[in-house]
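Structural overview for review
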Amino acid sequence: MKRIHLFLLILGLAPVTINAQLTPEERIQDSVIGWWNNNRFDSYIKPTNDPVQKRRIQICDSIVSWVKKSYTPVGGLGTFTRINNKNWYGVTFEVWNVSHDKMWTDEKGRFKPISEENTPFGLLLNVLPAVEPIDFLNHFDEYYFTWEPDGYMTEQTANRRKGYDFKNNPNVNKYITRITNSQNCVILTANNKPPYVQVTIGEMLDRAEASIAKEKIKEKETVDRTFSGTSERDKKSRSEAWAYKEKQFELVLNRINKWRQVNKNKLNEPAAFRASHDRVLLGFNDDNIDPFSVREIELERKQYKIVYKIPKEIIEKCKTDQPQWVTAWWPFHGSTSGNQQYEMNTAMLENINYGYIYNYFFSSEKVKGKYYKPANEDQLKARLNAYRKKGMETASITNTSTSPNVLLTDDFSKNTEGTNAKGWKMSTSGEHSTITTLKNETGKWLKLGYNNIVSPFTLKKPLPQNFSVNFDVATDEFSSRTGGAVVLYMSTYPLLASGAENKAKDGAWLKLTIRAGNENDLNNNNYSGEAKLELHSNPPLFRENFNEGAFYTKSLTEFTNKKRKVQVQLRFYTGEIHLFINNIKVAVSGKDMKLAYGSNCKDCRVPEGLLFNTISWENLTNNAKETGVYISNIKVTKE
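Reference entry: report on the structure contained in this document. Please read all numbers here as calculations on a predicted model, not as lab measurements. (Residues numbered from 1 in each chain as written. Predicted model: local features only at pLDDT ≥ 70, side-chain atom pairs only at ≥ 80, totals over all residues. Heavy atoms only, no water.)

**Some points on the pairing of strand 30 (residues 614-619)**
As a reminder, the rule being used: To sort residues, take the accessible area from a 1.4 Å probe on protein chains only and compare it with the maximum for the residue type: under 20% means buried, over 50% means exposed, and anything in between is partly exposed. Here a strand is any run of E in DSSP of at least two residues, a helix any run of H or I of at least four, and the numbering for each starts at the N terminus. We treat two strands as partners when DSSP finds at least two bridges between them.
Of all six residues in strand 30, five are buried, a share of seventy percent or more. Bridge count for strand 20 (residues 482-491) against strand 30 is six bridges, and the pairing is antiparallel. Each bridged residue has a counterpart across the sheet, and for Val-486 the counterpart in strand 30 is Asn-619.

Structure (structure tokens):
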């Protein structure tokens, strides 16, 4: 069903409605797309007559069925890959970006995955996600690894997770759950007994010492491969290289004994390990830094790695067709991540029936004769039906002006704080833009997400020849040289059916960059706040010494760490561009713009006959993680 936004224009006392139809590409984000019917990614399972392996394959098939019943991809295309290895097996899944571009559709117009644009998740058996093996300890029958503490996440991830309580969700809180930076993880194991145990400092030192003999064999093979010749020179090189390695092993043994003595009162405490996991020569290559030490700030931020092992008896059982544990993992995504990733996150959290899966493997009598059904099935159906029924939606962009010349006006007042802006298109990747309020500023604002362009659905295009664009920009407080920065981009290129610009055709485009600067630099020639306007064309009309483009830059002292809001206007009149800052005209393209090497631009204007088809805003802040940039009070008016 076509999704249509209503743009209400009050003309006198009579409302006039303009329908702004989304392009097919724009409708993808709200479309229930489902699973790819091509098995190109599912090529690892081989036929077998072995009863254990046949049962494992049956389990993989069941997992595919369970996930498909619980999750239908929205805004993307789902694929799966069944895997059966010696000690672990299961299914990895991906949801892929799609496009109506012919490159990414088959002969019948059906979607194909866009290469390398996917989000992976999985339901695997005998696997732990995001662990790092300690290779030099894994010569024997147990498996040693490190894991970041449960709940570790960067500040950026913590901010994204605000308002989302994974661990207390009733669908998963009966089981072992872990948060590892960007991932959610649910572990199902008999009686909720973890298959892994923590390793003490004393045990790790003992195992490191025991590993030296095996590590010597590995290093000797490396030396022999490196100097494999039969000449006397090669023999001498081998001998010298190995003599050096043996001295290194002596040092390692001395260091192991040193750290055993340093930690003699903590040998029975759980180990954290900060050194290399690759080789024992690298794991113990420093005489001064205790590899088991954790600084106070690392404890506070959970920036350390705990040593665990999977015991020998469990490793042996992993080779059978009875899983020792089941792991569901997926990257966390909130509503600002876009429908594709948010729907995947919601389905994995709310709709995978972890109770059925637990009983299937660890208490089979409870599900005997019962078929798998998604958890919260009514909720799942309602969500999918909401996507399917999305057709008519009132946009937030509502003109309150009585003038027919007002083409677009939005102050975001009709939006709920913390949501996406209705009537505005944004990418499904990058950090999403959200509605917010600002301290000491009235009204609502759109906080621009980094690496995510926003543009209005409901603005009728092409724009007329004579028009103006007005908007306000605000920045958070900042102490660096620059603060919030935003780019207004406009182009006259014709649009493809997908909504993308057709840059193979003639056209022109411009960028206006508005960047806040630090007032401490006003008197030292380092002030970096600016208003920068650039104009380009194809074929090139503004060229100097083979460099194309016309440019104007103003030191923007009106927008600083103390004056954190600025009003911007671009006025187009017969192709000439007029720039206003805080209602004061600061530049006219015909007389103020320069060519690439500083020469005057004799006729800097939008070429005659070209009308604008694209208008968008983008966050260009240098330190976007710390400093937000915001836009509001947007108005496009016919002159």
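**Points about the side chain of Arg-82**
Here is the rule we go by: For the purposes of these results, a polar contact is taken to be a pair of N or O atoms within 3.5 Å, where, inside protein, one atom must be able to donate a hydrogen and its partner to accept one; residues adjacent in sequence count only when each atom of the pair is a side-chain atom. Contacts were defined at the residue level, with two residues in contact if any of their heavy atoms lie within 4.5 Å.
Structurally, the position occupied by Arg-82 is in strand 3 (residues 77-84). Reaching out from Arg-82, the side chain makes a polar contact with the side chain of Asp-61 at a distance of 2.8 Å. Residue contacts for Arg-82: discarding those within four places in its chain leaves Asp-42, Tyr-44, Ile-45, Ile-57, Cys-60, Asp-61, Val-64, Gly-90 and Val-91.

**Digging into the packing of aromatic side chains**
Convention followed: By convention, a stacked pair of Phe, Tyr or Trp rings (six-membered ring in the case of Trp) has centres within 6.5 Å and planes under 30 degrees apart, an edge-to-face pair has planes over 60 apart, and any other such pair is tilted. By definition, being over a ring means that NZ of Lys or CZ of Arg is both within 6 Å of the ring centre and within 35 degrees of the ring normal.
Counted by the stated rule, this structure contains 36 aromatic pairs. Measuring from centroid to centroid gives 5.4 Å for Tyr-356 and Tyr-372, while their planes differ by 90 degrees, and the two rings are edge-to-face. Residue Tyr-356 is located in helix 11 (residues 354-362), and its partner Tyr-372 is located in the loop between helix 11 and helix 12 (377-388); the two are separated by 16 residues in the primary sequence. For Tyr-356, a relative accessible area of 11% puts it in the buried group. Clustering of aromatic rings is evident, with ring pairs tying together Trp-66, Tyr-175, Tyr-356, Tyr-358, Tyr-360, Phe-361, Phe-362 and Tyr-372. If you follow Arg-178 out to its NZ or CZ, it ends over the ring of Trp-147, 3.6 Å from the centre.

**As for the sheet that holds strand 10 (residues 197-198)**
Either a parallel or an antiparallel arrangement is found when strands of a sheet pair, and the pairing is made through backbone hydrogen bonds. What the four strands build is an open sheet, ordered 6-7-11-10; its pairing is antiparallel. Because the sheet does not close on itself, it has two edges, and the strands there are strand 6 (132-133) and strand 10. Two strands pair when backbone bridges link them, and strand 10 and strand 11 (residues 306-310) are joined in this way by two bridges, in the antiparallel orientation. Residue pairing across strands places Gln-198 opposite Tyr-308, the latter belonging to strand 11.

**A short note on the sheet that holds strand 5 (residues 118-125)**
In plain terms, the rule: Orientation is described by axes fitted as lines to C-alpha atoms, over the contacting stretch for helices, and by angles from 0 to 180 degrees between their N-to-C directions.
Read across the sheet, six strands follow the order 3-4-5-12-9-8 without closing on themselves; strand pairing throughout is antiparallel. Edge positions in the open sheet fall to strand 3 and strand 8 (176-180), since each of these has one partner strand only. Direction aside, neighbouring strands of the sheet carry axes that sit 15 degrees apart on average. Looking at chain direction, strand 3 and strand 4 (residues 89-96) are connected through eight bridges and run antiparallel. Note that in strand 4 the partner of Asn-84 across the bridge is Tyr-89. The strands that helix 2 (residues 51-70) touches are strand 3, strand 4 and strand 5; relative to strand 4, the one it contacts most, it runs at about 30 degrees.

**Here's the deal with empty space enclosed by the protein**
This is how the line gets drawn: Points on a 1 Å grid, built from protein atoms alone, make a cavity when a 1.4 Å probe fits but cannot get out and make a pocket when they are open with protein on both sides within 12 Å along at least 5 of 7 lines; residues with an atom within 4 Å of a point are the lining residues. Grid points are joined across faces, edges and corners, and a volume is the space filled by probe spheres set on the points. Side-chain classes are defined by residue name, with Ala, Val, Leu, Ile, Met, Phe, Trp, Tyr, Cys and Pro counting as nonpolar, Asp, Glu, Lys and Arg as charged, and the others, Gly among them, as polar.
A complete count under the given rule lists two cavities of 30 Å³ or more for this structure. Put simply, the largest cavity is a space of about 90 Å³. Pro-464, Gln-465, Phe-467, Phe-572, Gly-575, Val-606, Pro-607, Glu-608, Gly-609, Leu-610, Leu-611 and Phe-612 are the residues that line the largest cavity. When its residues are assigned to classes, the lining of the largest cavity shows eight nonpolar, three polar and one charged. Estimates place the volume of the second largest cavity at around 30 Å³. Mapped onto the lining of the second largest cavity, the elements with two or more residues apiece are strand 9 (183-188), strand 12 (326-331) and helix 11.

**Examining helix 6 (residues 232-262)**
Let me state the cut-off plainly: Helix span, expected: 1.5 Å multiplied by one less than the number of residues in the helix.
Between the first and last C-alpha of helix 6 there are 45 Å, a value that for 31 residues agrees with the 45 Å anticipated at 1.5 Å per step. Buried within helix 6 are the following residues: Ala-241, Trp-242, Lys-245, Phe-249, Val-252, Arg-255, Ile-256 and Trp-259.

**Concerning the pairing of strand 12**
Most of strand 12 sits inside the fold, with six of its six residues counted as buried. Burial along strand 12 is two-sided: Val-326, Ala-328 and Trp-330 facing one way and Thr-327, Trp-329 and Pro-331 facing the other are all buried. In this structure, strand 5 lies alongside strand 12, joined through four bridges in antiparallel fashion. If you follow Leu-123 over to strand 12, its bridge partner there is Ala-328. In the sheet, strand 9 pairs with strand 12 via six bridges, with the strands oriented antiparallel. Among the inter-strand pairings, Cys-185 is bridged to a residue of strand 12, identified as Trp-329.

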